[in-house]
Amino acid sequence: MKAAAASPAPLGDVVLRCSGLHRYLGRDEGRVHVLKGVSFEARRGQVEAIVGPSGCGKSTLLYLLGLLDQPDAGEIAIDGQVMSNTDDAARTAARGRHIGFVFQFHFLMLEFSALENVMMPMRKLGRLPEPEMRERAHGLLASVGLGEKTHRLGTQLSGGEQQRVAVARALSNQPTIILADEPTGNLDARNSTMVFDLLPRLAKDNGQAVVLVTHNPEIASRCDATRPMRDGVFI
Amino acid sequence: MSPNFRIAFRFLTAKKRAMVMSLTCIVLGVGLFVVTQATTTGFQALFIETIIGADGAVLIQDKIQAGHTSFETEHGSGVNIDTTQDNVKLQAGIEEPAPLLRALARNSAVLGASPVLKGSVDIASAARSDTGRVYGINIEEHLKVSNLGSKIVEGSVDDFRTRPAGAMIGRELADRLLIGLNDFIQVSQSGGPPQRFKVMAIFITGISALDRERIYLSLSDAASVLHRPTGVSYLQLQLADASRAPVESDRIVDEVRYNAQPWQEREKSWLSAFGALQVSSAITVLVFTLIAGVAMFNTLAMIVIEKTKDIAILRSMGYERSDVTRIFLWQAVIVLSIGAAVGCLFGAAATYGISKMPLGNGGISGIFSAKYYVVAWSAWHYVEAVSTAVVMVMIASIIPARRAARLEPGDIVRGTAQ
């Protein structure tokens, strides 16, 4: 397992930075201080693993970094632009442009084919014309080994295949950051290896930063940097 | 095809059973709305056509005079009650109709004016005696302001026009007197000498009150029977646009200083009854469209619950809250569009079918005559039905759509979405 980089990264390389993040969850007596002043950086072409026991706050941190949630205190910047205090529309737009998510439970839209799932973020962003979107989606699915199954519905794919579609979908808008929450947590060993092999390869090919949350020490050991967490802080 | 529409369509087709249920409710709501509107307005329209056809759009019957007193008079032409409003006195009848007719002839809204002399009489046939009301008319003028010609069931208007001492009599009155075409009757005002007339035509207006007491004579014959050598009881007017009768009546009052009564005022009680019937029908069909709205709400609420993870995925991809709202509203629009189109077709087919259904007991007569269910074909029924469904369904859809949009993606993926 490699240690996290001790010195600050060169400014141009840092695509995601957060500092002093605090997050409380729950209400009244059930209110829990989940993140206690967390700071973090992710760089292009690097795969960072956040590890730690259940409930330590690693997924909460990931959702904050992905602008799916808002911190109670602290700052998040993407490509140098502070996003933590912006409105929902700005954060949503930033997600569409800069961030690709891979969730533990695949989260494919099962009524749609693999191809349509991969095209869905592209259709929203509207950066490419339809034929180019289609071509790119075909290419991405081929790169994750599903070139022959592009027209299968989500329900007609195995768990491993669904997760590979999710990886392709996360890459579809060429985001600067890939955030993966236990991307192999629900897969068998073979599929787990296959999916993990994809992420660093594609990230390095495209110069994307990958931040993944995992329980799997083997996966973590293969990342460029590992950040262990406990009780809402990096240790 | 927009991404939101594409997603909405796929969400919807994945919930076929719920969608079919919502669709059915909308189809029934729209269709039944159309049918009830078509039937209630159909009967109302027939009633209006009947009463305007019989007695015209406007009756001019009393002269307006300045005065301070009111009185009740017993004219030779029947009982007339003069009423006063503040300093206005109404004098029953029209003593000099000619200048009035000339003035009305200059009014482009008036298609025709027919002077009528009316009075109560005794009528005797060879078999029976009865009472009735004589209406003295100039047949040429009267055919311009009424549909009497088309109501003749025996004999002809030509016979009445060309032969002297002829009468046209209502079917019910003829039956009561046990007379038929070409029979003779004796008509007299109480105490006066009887005069003999030949039945040249028998009519059925469909209005029992008319058919059981009305007998048409020429104006001169009626004047003789009623001992009214000059003047008439009223002028019957037909207008280019009967719906404007109240406005035209007011103009006529201002212009000629005679009291003019539009058909809407004359038949106020029946029109109120039809209005109440329409409201009660509207309430019934509103319940159907309300059920359609509830069904749509139920379907969308169910989809929101089942699709929370999909909503989180969409939001994580950059879909905005407004996109999520649109996705759910599109679903409502899709079901609504199909439901409204099919509902209109269903409504039209059902309306046509109903129009071919015979009324029980050989038909309806009394205030109008109909053997089959009467329907009105109006595009407005379809517009109203679809508009009502749109309002109901869209209101019902906004709630789950907004709820879906409010879902926080972070909460959903954490599994804490409420």
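Use the structure listed above.
Given the structure is predicted, the values throughout are model-derived calculations rather than measurements.

(A) Local environment of the overall build of chain B. A tally of regular secondary structure across chain B gives 15 helices and 14 strands. Over its C-alpha atoms chain B spans a radius of gyration of 31 Å, topping by over 25% the 22 Å that the globule rule assigns to 418 residues. Once the C-alpha set of chain B is aligned to its principal axes, its extents read approximately 105 × 50 × 30 Å. Burial statistics for chain B: of 418 residues in total, 51% are counted as buried. Counting only carbon and sulfur atoms, one obtains 58% of the accessible surface of chain B, whose full area is about 19000 Å².

(B) Structural context of unusual backbone geometry. Residues and elements named next belong to chain A. Phi at Asp-79 is positive, roughly 50°, even though this residue is not glycine. Looking at the secondary structure, you find Asp-79 in the loop between strand E4 (73-78) and strand E5 (81-82). Classification of Asp-79 as partly exposed rests on a relative accessible area of 39%. Although it is not a glycine, Glu-182 adopts a positive phi angle of roughly 50°. With respect to the element layout, Glu-182 can be found in the loop between strand E7 (177-181) and helix H6 (189-206).

(C) Quick peek at the pairing of strand E3 (residues 47-51) of chain A. All names here are of chain A. Within E3, five of the five residues are buried, which leaves the element mostly enclosed by the surrounding structure. Here E3 shows no split at all, with Val-47, Ala-49 and Val-51 on one side and Glu-48 and Ile-50 on the other all buried. Sheet analysis places E3 next to strand E9 (residues 225-230), joined by four bridges and oriented parallel. Across the sheet, the residue bridging to Val-51 is Pro-228, located in E9.

(D) Seen up close, the environment of Leu-101 of chain B. All names here are of chain B. One can find Leu-101 in helix H3 (residues 97-105). We classify Leu-101 as partly exposed; its relative accessible area is 26%. Considered as a pair, Leu-101 and Glu-384 are 283 residues apart in the sequence and their alpha carbons are 42 Å apart. Setting aside residues up to four positions removed in sequence, Leu-101 forms contacts with Ala-113, Pro-115 and Leu-235.

(E) How the structure looks around helix H3 (residues 114-125) of chain A. Most of H3 of chain A sits inside the fold, with ten of its twelve residues counted as buried. For H3 of chain A, the set of buried residues is Ala-114, Leu-115, Glu-116, Asn-117, Val-118, Met-119, Met-120, Pro-121, Met-122 and Arg-123 of chain A. Buried residues along H3 of chain A sit against helix H4 (130-143) and helix H5 (159-171) of chain A together with helix H1 (3-14) and helix H12 (308-316) of chain B. Positive phi appears at Gly-126 of chain A, one or two residues downstream of H3 of chain A, with a value of about 65°.

Conventions we followed
- Residues numbered from 1 in each chain as written.
- Chains lettered and ligands numbered in written order.
- Predicted model: local features only at pLDDT ≥ 70, side-chain atom pairs only at ≥ 80, totals over all residues.
- Heavy atoms only, no water.
- Helix = DSSP H or I, 4+ residues; strand = E, 2+ residues; numbered from the N terminus.
- Rg over C-alpha atoms; globule rule 2.2 N^0.38 Å.
- Buried < 20%, exposed > 50% of the residue type's maximum accessible area, 1.4 Å probe, protein only.
- Areas by Shrake-Rupley, 256 points an atom, 1.4 Å probe, with all protein chains shown as cover.
- Pairing = 2+ DSSP bridges.
- Contact = heavy atoms within 4.5 Å.

Worth remembering: the numbers are spatial, not functional.
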